[in-house]
Structure formats: C-alpha cells, structure tokens
Amino acid sequence: MTHEPAPTHEPETLRIAGRDVPVVTATTVVVGTGSAGFCAADRLWELGHDDVVMVADKVNAGSSRNAGSDKQTYYKLTLSGGDGDSVREMAQTLYAGGAMDGDNALAEAALSARGFLRLCDLGVPFPQNRYGEFIGYKTDHDPRRRATSVGPYTSRSMVEQLEKKVHRNGTRIFDECRVVEVLTRPGADGGREVAGLLVLRTDVHVDPDDPTASPFLLFRCANLVYATGGPAGMYATRVFPNGQWGASGAAYRAGVHGKNLTEWQFGLASTKPRWNVSGTYMQVVPRFVSTDADGGDEREFLTEAIPDYGRLMSLVFLKGYQWPFDIRKAVDGSSLIDLLVYRETVLRGRRVFLDFRRNPVRDEFDPSALSPEAYAYLERAGVLFGTPIERLRRMNEPAYQFYLGKNPYVDLEQEMLEVDVCAQHNNGGLLVDAWWQSNVTGFFPVGEAGGAHGVYRPGGAALNSGQVGATRAAQFIAAHRGPSTVPPGEAFDAAAAAAVAG
Ligand SMILES: Cc1cc2nc3c(=O)[nH]c(=O)nc-3n(C[C@H](O)[C@H](O)[C@H](O)COP(=O)(O)OP(=O)(O)OC[C@H]3O[C@@H](n4cnc5c(N)ncnc54)[C@H](O)[C@@H]3O)c2cc1C
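Residues numbered from 1 in each chain as written. Predicted model: local features only at pLDDT ≥ 70, side-chain atom pairs only at ≥ 80, totals over all residues. Heavy atoms only, no water.

## So, the packing of helix α5 (residues 112–122) against helix α6 (residues 154–169)
- Two elements in contact, α5 and α6, have axes whose closest approach is 9 Å; the angle formed by their N-to-C orientations is 75°. With respect to α6, the axis of α5 lies roughly perpendicular. Packed against α5, whose contacting residues are R118, L119 and L122, the element α6 presents M158, Q161, L162, K165 and R168 at the interface. (Axes fitted to C-alpha atoms, helices over the stretch in contact; angles between N-to-C directions. Helix = DSSP H or I, 4+ residues; strand = E, 2+ residues; numbered from the N terminus. Parallel < 35°, antiparallel > 145°, perpendicular 65-115°, else oblique. Contact = heavy atoms within 4.5 Å.)

## With respect to the site of the ligand
- For the ligand, the set of nearby residues contains 35 residues, the closest of which are T33, S63, S64, T73 and E448.
- For the ligand, an oxygen atom lies 3.4 Å from a polar atom in the backbone of A462.
- Between L463 and the ligand, the recorded distance is 2.9 Å, taken from a backbone N or O atom to an oxygen atom.
- Its free accessible area being 1,000 Å², the ligand has 97% of it covered by the protein chains.
- Among the elements of the structure, α1 (35–46), α2 (63–66), β5 (72–75), β8 (177–186), β17 (417–426) and α15 (461–480) are those that each provide at least two residues to the shell around the ligand. (Near = heavy atom within 4 Å. Polar contact = N/O pair within 3.5 Å; in protein donor to acceptor, adjacent residues only side chain to side chain. Areas by Shrake-Rupley, 256 points an atom, 1.4 Å probe, with all protein chains shown as cover.)

## Comments concerning the sheet that holds β17
- One open sheet accounts for five strands, arranged β14-β13-β17-β16-β15; its pairing is antiparallel. This sheet does not close on itself; its edge strands, each paired only once, are β14 (274–276) and β15 (287–291). Strand-to-strand twist in this sheet, taken as the mean axis angle between neighbours without regard to direction, amounts to 50°.
- Pairing analysis gives three bridges linking strand β16 (residues 351–355) to β17, with the strands arranged antiparallel. Within β17, the position partnered with V352 by the bridge is V419.
- Sitting on the sheet, helix α11 (residues 335–347) is in contact with β13 (264–271), β15, β16 and β17, with an inclination near 115° to β17. (Pairing = 2+ DSSP bridges.)

## A few points about the domain arrangement of the protein chain
- Along its sequence, the protein chain is carved into domain 1 (12–66 + 168–263 + 427–444 + 479–501) and domain 2 (265–424).
- Taken over C-alpha atoms, the centre of domain 1 sits 41 Å from the centre of domain 2.
- Listed by partner, the interface residues are nine residues for domain 1 and eleven residues for domain 2.
- Note on domain 1 versus domain 2: buried area summed over both sides is about 870 Å², and carbon and sulfur give 57% of it. (Domains from an automatic or database assignment. Buried area = accessible area lost by both parts, 1.4 Å probe.)

Structure, rendered in structure tokens:
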C-alpha cells in the first residue's frame, strides 16, 4: 500500500523566517495512523466531512500496529448470552477505575457497542458463535465478561482494516512528517484555537547552501485530531514499539492542558524483543534468574524475599492475569514480583531473565504446593507436570512459536529470555471533554494521547477508548466545525517562526 509522499511544491508556499515552507490547507488534520487516528479519519469521511488529511511520523509505526500481548484484549459491552449488562453499569466500571471523568466513562460505555460492531463490519475477525453472539471473557478489573480478543494482534487487525477503509475513502496521508509545533491563535471565546501544525519532513534532505530551503511542511487547518499515541520516547525501559515517540510535548507547549500525567502503567516484558510476558508466560511458572552485567553470577533472586516455595510459585502464576504493576498488590500480592525485578535491574544493576527450561527453586515441579486457585487452573489445563517450557507448549504453542519468529529470535527451549519492568501505557494525557475536545478550541486528543483512561481501567479499555474518542471527536467536528478561517498568507505565530529559524 503506498502513501502520498509529502509535497515539495504544494500550490502554496509561505516564506517563514526566510525559508520557503510548503502549505497544505484542510479543514481537519488527523495526526497519527494508529487505531484511533484511522478511526477518526474514517468517521469524519462517513459523516460527510471529507476535507481531511492524515499525517504521521511513520505510517507503519505506533503501538496499535506493532504491539500486542499473549491475548490482546478489546473491552466492550456484553453482547452474548443471558448475562445482564447496561451502559450505566459499564460506565460505572470504567469510572470506578479512578482518575476517570464520569462523562468520558459514560460516553465510552454508550458508544462501545457501536465502535466494536463497526470494527466487525470492517472485517476485524472478533470471535463469534454460529448465532452471531460475541462471547466474552473476564479481564482484569472486569466484573462481567466484557472482554474479547482476536489473538496476540487485536490492535494490528483493527489498524489494518481501518486503514484499508481510509484508503478506499481516498483520504490523503502524509508519511515521514514529525510534529514540531501545534500552532494556535486567539479564539473567539478569549482562549486559544487551532491554526495549524508544523511538521519536519524526515525524508527530505535540504541543500545546506540554499538559505531558503526548508525541511518543514505547514498544515493550515481549523481542527487537529491528535492521535499520536503515548509519549513513550521519554522512557528507556519500555514495551512500546520502536519508533513510537509521541508528540504530547508540542501540545503542552501550545497551551493544551494535561490530566493525570503521572499515571503510567508498568509491567513485566521481554526487552529483546519487546513483548509483554503476561498470560501463559507466567501461568506456567518459569524460573526467575538474575545475573551480573556480563551474564555471570546467576542466581534465583525471588527466594530472598519470598522464601516459601508454594507462595513464590503462586505469585508468579498470578502475574499471568494481574499483569500491570499495582501498588495494592505490592506488599503481599503478585506485584511484589515486579518490585523484586526492579530491585535487581535498577537498584542492583543486574540483568533479569525468565528460564523456561527448569522449574523454580527445586528441579522437580511440586504442584501440591500451589495455591488452590493456581492448582485448579493448571489441573484444568492438564499441565500439572514437567518443566515450564513443556507446560507452555502444551497450554499455548503459539506463545512458544512467537519468540521463534521475532527479531531477535529467542528459542525458549534453549535459552533464557531477558525481561524488565517496562513502561507500557499512559493512563493520563492531554485534557479532553465529553467530546474529546481539549481546552484549545479545535484540538481533539484521541486514543492514548488523550487523558481519558482510568488508573484501574479494565484490560482492553484503551482500545475501546480510542474508537469512542475518535467517533465523538468526528461527530463534534462534522456538526460544529467549519473550514479554517486563518487567512492565506497570515503570518503564523512566533512558535512556527522560531522553529523554522532554529
Ligand atoms: C505491549 C502492549 C500491549 C497492549 N495491550 C493492550 C490490550 O490488551 N488492550 C488494550 O486496550 N490496549 C493495549 N495496549 C494499549 C494500546 O495498544 C494503545 O493504547 C493503542 O494502540 C494506542 O493507539 P493510538 O491510535 O492512540 O496510538 P498508536 O497506535 O501508538 O499510534 C500513534 C501514531 O502517532 C504517530 N506519531 C507518534 N509520535 C509522532 C510524532 N512525534 N509526530 C508525528 N506522528 C507521531 C505514530 O507514527 C503513529 O502513527 C497495549 C500497549 C502495548 C505497548
């Protein structure tokens, strides 16, 4: 699939700080080509608002397309069986996660079925039974069984289907454009409103001898749907995919307010390659080993703080479905494992690995020491035997195969897997109202860039939030926001001039 190269000579060029900057004019610019951005662009088009362009640092980058997990979850209203559910009850669940506004919770519940069924209609193969019921399962912080999944790559499947639709719509997409400045001007209500977006074209080589040449491109627009994902670039230890930087800083510089910015989600993940070691990877109870920086001085460090063999195995098992670090489980629960890994890697400067070739602590696996919950689960799965890798391959062969197909390749039968406590998701972000508009008129942060996620959100609520926020923003824009009124040739504000000059 090809994307439009950014134009070197748009019909219009502005001279900014002595440099010629091509200008693209559109009513709405969607920034980011993840599941939220593509959803917004398609919704706008469907609502008849087709003066839209998309722009991204790398069209094929971002978490939606490149991240996943053992069973990547999408959270939606119950759509099967006799289980009761209601918009109100789902909103209550989302709201109970804390640091979540009630109006966002209500909208995420109210539009959940609409967003989900839209994805199904576009070809995302969510599992259904022969009568068309979407059978759910229970995810973390979920009082019902609202979760569903396409497998490890749910969000990738969403992006692929949405992207095909946006291509069918004929929407222009500018690739290799990195956000530099969000441009605003005084708004009618005394606040600020969107005037445009300045991006750096990372595929352009500028002749250093030409003082007027510029690698910038300027978008003049009335609305920015900002779907730039989590600001992952600030973390060294992260499970966000390579190339996902985020662009929240430019929005803050332009005066967009933030909300719950410190609310990050962390959890155990392999670092080479980057992947959450949730689900079966933990339920088969691998051995946790730390080494010095060169791989020497190997030891099983969990026993230092958890001397009881059965408790140690049961806490590791629980990490399978209690994946994110949770302060409430830190003292006497499964998040103690995260803290102990953190102590090894950060405080002691060591490396931590999962070893699936041998059982923890004792060579023999003694399931009778497990908690009743862990024992019953593993008994049902028929794996009260053998080594962790034997259990993994019996329970979930694709989870073993997964690491064989990655770069770098890891054969869990032969070698250990390096892990760390990694940043995974920003639950806070840019301020949004009930229509996902920020305090800057015409600026709509959607998806992970928006601060609409609760702290204890149910697994899968982030993907639902992206679809709902994008839909709400598109509805508002289509109903209320006309073309840009910035006059052609109006000198863009000091922010653009400084960036271009610098
Ligand atoms: C390992 C992992 C597992 C996850 N599992 C789940 C799960 O099971 N359920 C769930 O609901 N959520 C999960 N999430 C979270 C979910 O994947 C994300 O919240 C969601 O995909 C974000 O989508 P998005 O469209 O907002 O952003 P992204 O998909 O991240 O897209 C961001 C876009 O912005 C562009 N961009 C970024 N920076 C710039 C810049 N400076 N300039 C221009 N463009 C830029 C990128 O190129 C990309 O196109 C997981 C996340 C990870 C990392």
